[in-house]
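# A look at the structure
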Amino acid sequence: FMLGIIAKFAATIATYPLIRAKIMMMVAKNNEGRNCCDADDNKHSMIGVLRDMFEKDGIAELYKGCRLQLLHTLLKSALMMMVREKITANIRQLILSK
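Read on for a plain summary of the structure.

Definitions and limits used
Residues numbered from 1 in each chain as written. Predicted model: local features only at pLDDT ≥ 70, side-chain atom pairs only at ≥ 80, totals over all residues. Heavy atoms only, no water. Helix = DSSP H or I, 4+ residues; strand = E, 2+ residues; numbered from the N terminus. Buried < 20%, exposed > 50% of the residue type's maximum accessible area, 1.4 Å probe, protein only. Salt bridge = Lys/Arg side-chain N within 4 Å of Asp/Glu carboxyl O. Axes fitted to C-alpha atoms, helices over the stretch in contact; angles between N-to-C directions. Parallel < 35°, antiparallel > 145°, perpendicular 65-115°, else oblique. Contact = heavy atoms within 4.5 Å. Nonpolar A, V, L, I, M, F, W, Y, C, P; charged D, E, K, R; others polar.

## Here we look at the side chain of Arg-20
Positionally, Arg-20 belongs in helix 1 (residues 2–32). Classification of Arg-20 as buried rests on a relative accessible area of 13%.

Laid out in structure tokens, this is it:
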């Protein structure tokens, strides 16, 4: 159980800046009314957006909002793991009682 939570925590920490940059690119595309993902436009590439976010406020900008995402993700994972364990225990009990 704890190993699952630790793995989910590490995965969220590793991928959160990329997810945030993707959302920033989508918002910029909607606000500008053009394709912000052109290959020749470095400012609107994934790396460009990550660089701009880092230059704006450092690591804190890359992980802005991460606490809520971690809370949501870890609680959801813990709940799903608990339900899975209960279902597995009930199925084992049904199988062994026959």
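## Quick notes on the pattern of salt bridges
According to the stated counting rule, one finds 3 salt bridges in the structure shown. Across the salt bridge formed by Glu-61 and Arg-20, the nearest N and O atoms sit 2.8 Å from each other. Residue Glu-61 is located in helix 3 (residues 59–62), and its partner Arg-20 is located in helix 1; the two are separated by 41 residues in the primary sequence. Summarising the burial analysis for this pair, Glu-61 and Arg-20 share the class buried. Lys-56 is the salt-bridge partner of Glu-61, the closest N and O atoms lying 3.9 Å from each other. On the accessibility criterion, Glu-61 (2% relative accessible area) is buried. The network of salt bridges with common partners includes Arg-20, Lys-56, Glu-61 and Lys-64.

## Some words on the packing of helix 1 against helix 2 (residues 46–57)
Two elements in contact, helix 1 and helix 2, have axes whose closest approach is 9 Å; the angle formed by their N-to-C orientations is 105°. Classified by the interaxial angle, the pair formed by helix 1 and helix 2 is roughly perpendicular. Residues Pro-17, Leu-18, Arg-20, Ala-21, Lys-22, Met-24 and Met-25 of helix 1 pack against Met-46, Val-49, Leu-50 and Met-53 of helix 2. Looking at the contact of helix 1 with helix 2 residue by residue, the classes come out as 9 nonpolar, no polar and 2 charged.

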